[in-house]
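# Architecture and fold: a report
Residues per chain are reported as follows:
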Amino acid sequence: MKKFISLILVFTSFLIAASALSLSASAAENGYDRGYTEGMRGKGKKISMGLDISEHQGDSFNFKAVKAAGFEYVILRCGYSSSPKSGARMDYHFERNYTAAREAGLDIGVYLYSYAGTLAEAKDDLANFLKYIEGKKFEYPVYLDFENNEARQEMGSDPETAKQICLTILDGLADAGYLAGLYSYAAWSDHNYNGWLADVADEIGQKYDFWMANYAKNDGTLSIENATRYSAKYGMHQYTSALKINGYAGNLDANICFKDYPAIVRAYGFNGYEAEGVDNVKFRAGGAITGPEVIPDESEAGWYAIGGSLGQRRVRNGPDTSCTIIETLEKNMPVYVIGTYNGWGKIESGGTEGWIKMEYASKAEPPKTSAQETTLASDPQASAEPA
């Protein structure tokens, strides 16, 4: 009998040990344990462009228009934490936005806007964050949006408290298998702006990714200077809150990415994906730091004449006044506009493509061919248009 009891105790001990090993292995199975150590560092090159979207863009936001405008991903707000004015809740349109972005063929990341000013509030944020995103896959990081001034006041602008709040949430996300990242803006986190959290951001960035906001002129265009400076330090840079795209009347936040996050997620097994291994995933090499590839709307295509002053007849190599002047048109010279984008028209002139400001353009007749000119000269009643 004693021998039988001993066997039972040995078997029970084995089961407990096996269970403990299983739990330990399960807890260790995230992308960081599989070797992801890049932290916030970017690759110094443009990898992709994307937008961030929340309920503020309405309940029928057109994600296909995002794809058509040349963007590859969206970072969706899943919700926000308790604030002095309201309780924590999911973004009203997060579920709908997630489904619509998937249907449009866009890659997806996610963020939670935090009001946390204490560790207890940070723990609540983490619990809600995990609840909101449960069961969903993401190709881009899962970000803590940490920028609220009321929270800063609550923590007394103490960098150490801020660090512990951020790490409470980021460590929890990492333990749950997510590629975790921190979002903040230059006035808080950039040494060049004497950011009060700059040292903390650098420390957190040794392990976790970082999404840096800095709008420069905030006119919808990408500051090449800022983007170039950030391209090797951060994984993503939010460069404007004033982007315009065809298919949406309001302003949008736009981002340039300096890391191949979809490849990282699949290689290391983050965000609900099985780990495929670094050697089995193709990483994008990236390219020059430029704005998004512009796809013009062809609905306004046609012949136009450009009036106005000399400066208003300039043709540029992109749809922005910061772009290089490549030609100046003769006043009222007809040009064919291939399509429009954000108040600019894309034209072909002398075999060269360029952009003109449409506010100085007016509809015009196509230029007459030499045969038409001869007919009209000999017969004033003749029409240049076909019968």
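Here's what I pulled together on the structure shown here. Just so you know, these numbers come straight off a predicted model, no measurement behind them. (Residues numbered from 1 in each chain as written. Predicted model: local features only at pLDDT ≥ 70, side-chain atom pairs only at ≥ 80, totals over all residues. Heavy atoms only, no water.)

Moving on: the overall build of the protein chain. The helix and strand inventory of the protein chain stands at eleven helices and 16 strands. Across the protein chain, the fraction of contacts at a sequence separation of at least 24, relative to all contacts at a separation of at least 6, is 68%. Of the roughly 18,800 Å² of accessible surface on the protein chain, 51% is carried by carbon and sulfur atoms. (Helix = DSSP H or I, 4+ residues; strand = E, 2+ residues; numbered from the N terminus. Contact = heavy atoms within 4.5 Å. Areas by Shrake-Rupley, 256 points an atom, 1.4 Å probe, with all protein chains shown as cover.)

Bringing the pattern of salt bridges into the picture now. For the coordinates displayed, the defined rule picks out 16 salt bridges. K259 is the partner of E38 in a salt bridge, and the nearest nitrogen-oxygen pair spans 3.6 Å. On the criterion of sequence distance, the pair formed by E38 in the loop between helix 1 (2-28) and strand 1 (48-53) and K259 in the loop between strand 9 (248-257) and helix 10 (261-268) is long-range, its members being 221 residues apart. The buried category is assigned to E38, whose relative accessible area is 18%. The class of K259 is buried, set by a relative accessible area of 0%. As a salt-bridge pair, K357 and E359 come within 3.4 Å of each other at their nearest N and O atoms. Residue classification places K357 among the partly exposed residues on the basis of a relative accessible area of 25%. Residue class for E359 comes out exposed when judged on its relative accessible area of 56%. (Salt bridge = Lys/Arg side-chain N within 4 Å of Asp/Glu carboxyl O. Buried < 20%, exposed > 50% of the residue type's maximum accessible area, 1.4 Å probe, protein only.)

Further remarks concern the packing of helix 4 (residues 119-133) against helix 6 (residues 159-175). Orientation of helix 4 relative to helix 6, taken along the N-to-C sense of each, is 25°, at an axis distance of 9 Å. What the angle tells us is that helix 4 and helix 6 run roughly parallel. Relative to helix 6, the crossing made by helix 4 is right-handed. Here L119, A122, K123, D125, L126, F129 and L130 of helix 4 lie close against helix 6, whose contacting residues are Q164, I165, T168, I169, G172 and L173. For the contact of helix 4 with helix 6, the per-class residue count stands at eight nonpolar, three polar and two charged. (Axes fitted to C-alpha atoms, helices over the stretch in contact; angles between N-to-C directions. Parallel < 35°, antiparallel > 145°, perpendicular 65-115°, else oblique. Left-handed = near helix turned anticlockwise from the far one by under 90°. Nonpolar A, V, L, I, M, F, W, Y, C, P; charged D, E, K, R; others polar.)

Right, let's get into the side chain of D190. Within the element layout of this structure, D190 appears in the loop between helix 7 (186-189) and helix 8 (198-204). Accessibility expressed as a relative area gives 3% for D190, which makes it buried. Reaching out from D190, the side chain makes a polar contact with the side chain of Y230 at a distance of 2.6 Å. The residues contacting D190, other than those within four sequence positions of it, are Y185, G195, A198, M212, R229 and Y230. (Polar contact = N/O pair within 3.5 Å; in protein donor to acceptor, adjacent residues only side chain to side chain.)

Further remarks concern helix 10. Taken across its eight residues, helix 10 has seven buried, putting it largely inside the fold. Taken together, the buried residues of helix 10 touch strand 4 (107-113), strand 5 (142-145), strand 7 (209-213), strand 8 (236-245) and strand 9. Directly beyond the C-terminal end of helix 10, a positive phi value near 75° is found at G269.

Glancing now at the packing of aromatic side chains. What the rule picks out here adds up to 22 aromatic pairs. Between F61 and F63 the ring centres are 5.0 Å apart and the planes differ by 80°, which places this aromatic pair in the edge-to-face class. Here F61 and F63 have matching classes, each one buried. Ring plane angle 65° and centroid distance 5.2 Å describe the contact between Y230 and Y234, whose orientation is recorded as edge-to-face. Taken together, the ring pairs connect Y32, Y36, Y208, Y268 and F270 into an aromatic cluster. (Phe/Tyr/Trp six-rings, centres within 6.5 Å; stacked < 30°, edge-to-face > 60°.)

So, on to the nonpolar core. One finds F63, I133 and F146 to be the most contacted residues of the largest nonpolar core, which totals 91 residues. Sorting elements by how many residues they give to this core places helix 6 first, with seven residues. Not counting chain neighbours up to four residues away, the residues in contact with I133 comprise C78, F94, V110, F138, V142 and Y178. Y304, I306, V315 and I356 belong to the second largest nonpolar core, which has ten residues in total. (Core = buried A, V, L, I, M, F, W, Y, C linked by side-chain atoms within 4.5 Å.)

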